[in-house]
Amino acid sequence: MKFCSFSSGSDGNCYLISTDTCGILVDAGISVKTIKKDLERISYPLKKIYAIFVTHDHYDHIASVGTLGEVYHIPVYSTKQILDGVNRCYKVTEKLYGSRHHFEKGETVSIGDLRITSFQVYHDSTDCVGYHIEQEGAPEHNITIATDLGHINSEAIPFLIQANNLVIESNYDEEMLLQGPYPLFLKQRILSQSGHLANHVTARFLAENNQSHWKNIFFCHLSNKNNTPERVEYMVGRMYDECCVPQEQRPNFIILPRTKPIDVVEL
């Protein structure tokens, strides 16, 4: 199983999980042109994308979902509420009809040799889910994706703990947010239980719950105005030091760029 982030942030989110047999996208918040270019860069054909799984209906996660679903005939999976929300989004000009597949929280579906299970997360969208993805016949190859979390909720924790690889939000540095240019209502939204995760919250959860089987931790959805990779690195190191986790027992930490693709990572 392999993982590649094409984009991660408020300008667009899109992740590829692939095997030799097939691939899926989690979210498609960038243009079809960019997705095709990013796939070509890693020599992965669009025809091997068997499905798209949508986390929620904010535009930075769904920009090209309609086109990929209806024009390119790639099945789009999510909860009924999220798919209805996609169709209500005025920016999505190509609405989902024949390509939509309802996939409710707690259910598992098989796409090629991938098994995908959804779970509840909380964010101020119509509905919001995370995904746990594993390869059939090789359950040790797995990844949990939990982006846009207002808080680390009880439904998500088991999937975060059991996974060997995590994509988890580390959206803002609290000091930068509070002292930054955002209006008060927006700061309150981000800080709320249905907003986004702060660096110290994500880092403390990881350090306090460090697992020997964690291989890669990918930090996603960094704010352009209220965060930096250096702030994430500092907070993660600080929390792991406070929890006395030795360096050799820490997973590989990777901070995902907001607008650039990364190299393919073998999970």
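Here is what the cut-offs are and how they apply
- Residues numbered from 1 in each chain as written.
- Predicted model: local features only at pLDDT ≥ 70, side-chain atom pairs only at ≥ 80, totals over all residues.
- Heavy atoms only, no water.
- Helix = DSSP H or I, 4+ residues; strand = E, 2+ residues; numbered from the N terminus.
- Rg over C-alpha atoms; globule rule 2.2 N^0.38 Å.
- Buried < 20%, exposed > 50% of the residue type's maximum accessible area, 1.4 Å probe, protein only.
- Contact = heavy atoms within 4.5 Å.
- Areas by Shrake-Rupley, 256 points an atom, 1.4 Å probe, with all protein chains shown as cover.
- Lys, Arg positive; Asp, Glu negative; His and termini not counted.
- Charge placed at Lys NZ, Arg CZ, Asp CG, Glu CD.
- Pairing = 2+ DSSP bridges.
- Axes fitted to C-alpha atoms, helices over the stretch in contact; angles between N-to-C directions.
- Phe/Tyr/Trp six-rings, centres within 6.5 Å; stacked < 30°, edge-to-face > 60°.
- Salt bridge = Lys/Arg side-chain N within 4 Å of Asp/Glu carboxyl O.

With that settled, consider the overall build of the chain. When helices and strands are counted, the chain shows nine helices and 14 strands. The C-alpha radius of gyration computed for the chain amounts to 17 Å, which stays within 12% of the reference 18 Å derived for 267 residues, consistent with globular compactness. Seen along its three principal axes, the alpha-carbon backbone of the chain occupies a region of about 50 × 45 × 35 Å. By residue count, 55% of the 267 residues in the chain fall in the buried class. Of the contacts made within the chain by residues no fewer than 6 positions apart, 66% connect residues no fewer than 24 positions apart. A total of about 11200 Å² of accessible surface is found on the chain, and carbon and sulfur atoms cover 50% of it. In the chain, 24 side chains carry a positive charge and 32 a negative one; their mean positions are 6 Å apart.

A separate point is the sheet that holds strand E5 (residues 76-78). On the basis of which strands lie adjacent, the open sheet formed by seven strands has the order E6-E5-E4-E3-E2-E1-E14 and mixed pairing. Each having just a single partner strand, strand E6 (100-102) and strand E14 (265-266) make up the two edges of the open sheet. Alignment of strand E1 (residues 2-7) against E14, held across two bridges, turns out to be antiparallel. By the bridge assignment for E14, Lys2 is matched with Glu266. The sheet strands contacting helix H1 (residues 32-41) are E1, strand E2 (14-18), strand E3 (23-26) and strand E4 (49-53), and the helix crosses E1 at an angle near 140°. On top of the sheet, helix H4 (residues 80-88) reaches E5 and E6; it is set at about 150° to E6, its chief contact.

What follows is about the packing of aromatic side chains. Taken as a whole and assessed by the stated rule, the structure comprises 10 aromatic pairs. Considering the side-chain rings of Phe53 and Phe103, the 5.6 Å spacing of their centres and the 75° angle between planes classify their relative orientation as edge-to-face. Taken together, the residues Phe53 in strand E4 and Phe103 in the loop between E6 and strand E7 (108-111) connect sequence positions 50 residues apart. Seen in terms of ring centroids, Tyr77 and Phe103 are 6.3 Å apart; in terms of plane orientation they differ by 90°. Their pairing is edge-to-face.

This part takes up the pattern of salt bridges. Per the counting criterion, the structure on display carries 12 salt bridges. The salt bridge partner of Arg204 is Glu242, with a shortest N-O separation of 3.4 Å. Residue Arg204 is found in helix H8 (residues 199-208), and its partner Glu242 is found in helix H9 (residues 229-242); the two are separated by 38 residues along the sequence. Overall, Arg204 belongs to the partly exposed group, its relative accessible area being 33%. Residue class for Glu242 comes out partly exposed when judged on its relative accessible area of 44%. A single network of salt bridges, built from pairs that share partners, joins Arg204, Glu208, Arg238 and Glu242.

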